Amino acid sequence: MAITKLIADSITSGAIANTPAFRATMSTNQTISNNTSTIINFNTETYDTDSCYNTSTYRFTPNVAGKYLVIASYALGVNASTGTFICSIFKNGSEHSRANVVLSSSTSSPITTSFIELNGSSDYIDVRGYQSTGSSKTTYAGADQTYFSACKLIGI
């Protein structure tokens, strides 16, 4: 009985939960200019356990220090057969990781995933898109292809 209570209390208090955690999507399409790194406007929260995601700045600033699993993707309607399409995760304004796609079809959705250590007070992450197809292109706001999420890893 004592072990069951200890486990229940730990889960309830968040001691072993993967929080803070969030998932954000886009409510409208966004234009990405040619050869320009652009912050992706993930302005709609699917969930945000600790109110750490800001839908105005598009930043996740967790209030608990630790290592986080971060995943991001966005779909771009390309209508071009050449060029590069990049989805990057930035930490405090500097690129931390990226996924590159060399275009060979009309639509692309690279997914970038990273483990990032965040200090729980001032560190933040955001997602940026880049494309070099020769002209501005539009993202798709669909939640199945365009999303940004993170959660604190427990036990690390």
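Everything quoted here is computed from the prediction, not taken from an experiment.

Draft legend 1. Examining the confidence of the model for the chain more closely. Across the chain, the average pLDDT comes to 85, with 81% of residues at 70 or higher. Segment residues 1–12: pLDDT under 50, and three contacts once partners within four positions in sequence are set aside and those in other chains are kept.

Draft legend 2. Representation of the packing of aromatic side chains in the model. On inspection of all chains with the given rule, the structure shows seven aromatic pairs. For the cation-ring pair, arginine 59 lies above tyrosine 124, with the distance from its terminal atom to the ring centre recorded as 3.7 Å. In this arrangement the basic side chain of arginine 128 is found over the ring face of phenylalanine 90, its NZ or CZ atom lying 4.0 Å from the centre.

Draft legend 3. Focus on the side chain of lysine 137. Mapped onto the secondary structure, lysine 137 falls in strand 14 (residues 137–140). Reaching out from lysine 137, the side chain makes a polar contact with the side chain of serine 135 at a distance of 3.2 Å.

Draft legend 4. Structural view of the sheet that holds strand 12 (residues 111–118). The five strands lie next to each other as 4-1-15-7-12, forming an open sheet whose pairing is antiparallel. Whereas interior strands pair on both sides, the edge strands pair on one side only; in this sheet they are strand 4 (44–48) and strand 12. Neighbouring strand axes in the sheet, compared pairwise and without regard to direction, differ in orientation by 15° on average. Of the pairings in the sheet, the one linking strand 1 (residues 21–25) to strand 15 (residues 147–152) comprises five bridges and is antiparallel in character. Considered in strand 15, the bridge of alanine 24 is made with phenylalanine 148.

Draft legend 5. Geometry of unusual backbone geometry. Residues threonine 19 and proline 20 are joined by a peptide bond in cis, for which omega reads 10°. Structurally, the position occupied by proline 20 is in the loop between helix 1 (2–13) and strand 1. Not every positive phi belongs to a glycine, and asparagine 35 is a case in point at roughly 55°. Within the secondary structure, asparagine 35 is located in the loop between strand 2 (31–32) and strand 3 (38–39). Positive phi outside glycine occurs at tyrosine 58, with the angle close to 65°.

Draft legend 6. Examining the pairing of strand 15 more closely. Most of strand 15 sits inside the fold, with five of its six residues counted as buried. Note that strand 7 (residues 66–73) and strand 15 share six bridges and pair antiparallel. Looking across to strand 15, one finds that alanine 72 is bridged to phenylalanine 148.

Draft legend 7. Summary view of the nonpolar core. Core analysis: the largest hydrophobic core is formed by 25 residues, its most contacted members being Phe42, Tyr53, Phe60, Val70, Ile125 and Phe148. Those elements giving two or more residues to this core turn out to be strand 1, strand 7, strand 9 (84–91), strand 12, strand 13 (125–131) and strand 15. Here valine 70 is in contact with Ile89, Thr112, Thr113, Ser114, Ile116, Ile125, Phe148, Ser149 and Ala150, once residues within four sequence places are set aside.

Draft legend 8. Geometry of the side chain of glutamine 131. Structurally, the position occupied by glutamine 131 is in strand 13. A polar contact of 2.8 Å, which involves the side chain of glutamine 131, links it to the backbone oxygen of serine 135. Not counting residues up to four positions away in its chain, the partners in contact with glutamine 131 are Ile32, Ser33, Asn34, Asn35, Thr36, Leu76, Thr84, Phe85, Ser136 and Lys137.

Thresholds, definitions, all that
- Residues numbered from 1 in each chain as written.
- Predicted model: local features only at pLDDT ≥ 70, side-chain atom pairs only at ≥ 80, totals over all residues.
- Heavy atoms only, no water.
- pLDDT = per-residue confidence, 0-100.
- Contact = heavy atoms within 4.5 Å.
- Phe/Tyr/Trp six-rings, centres within 6.5 Å; stacked < 30°, edge-to-face > 60°.
- Lys NZ or Arg CZ within 6 Å of the ring centre and 35° of its normal.
- Helix = DSSP H or I, 4+ residues; strand = E, 2+ residues; numbered from the N terminus.
- Polar contact = N/O pair within 3.5 Å; in protein donor to acceptor, adjacent residues only side chain to side chain.
- Pairing = 2+ DSSP bridges.
- Axes fitted to C-alpha atoms, helices over the stretch in contact; angles between N-to-C directions.
- Buried < 20%, exposed > 50% of the residue type's maximum accessible area, 1.4 Å probe, protein only.
- Core = buried A, V, L, I, M, F, W, Y, C linked by side-chain atoms within 4.5 Å.

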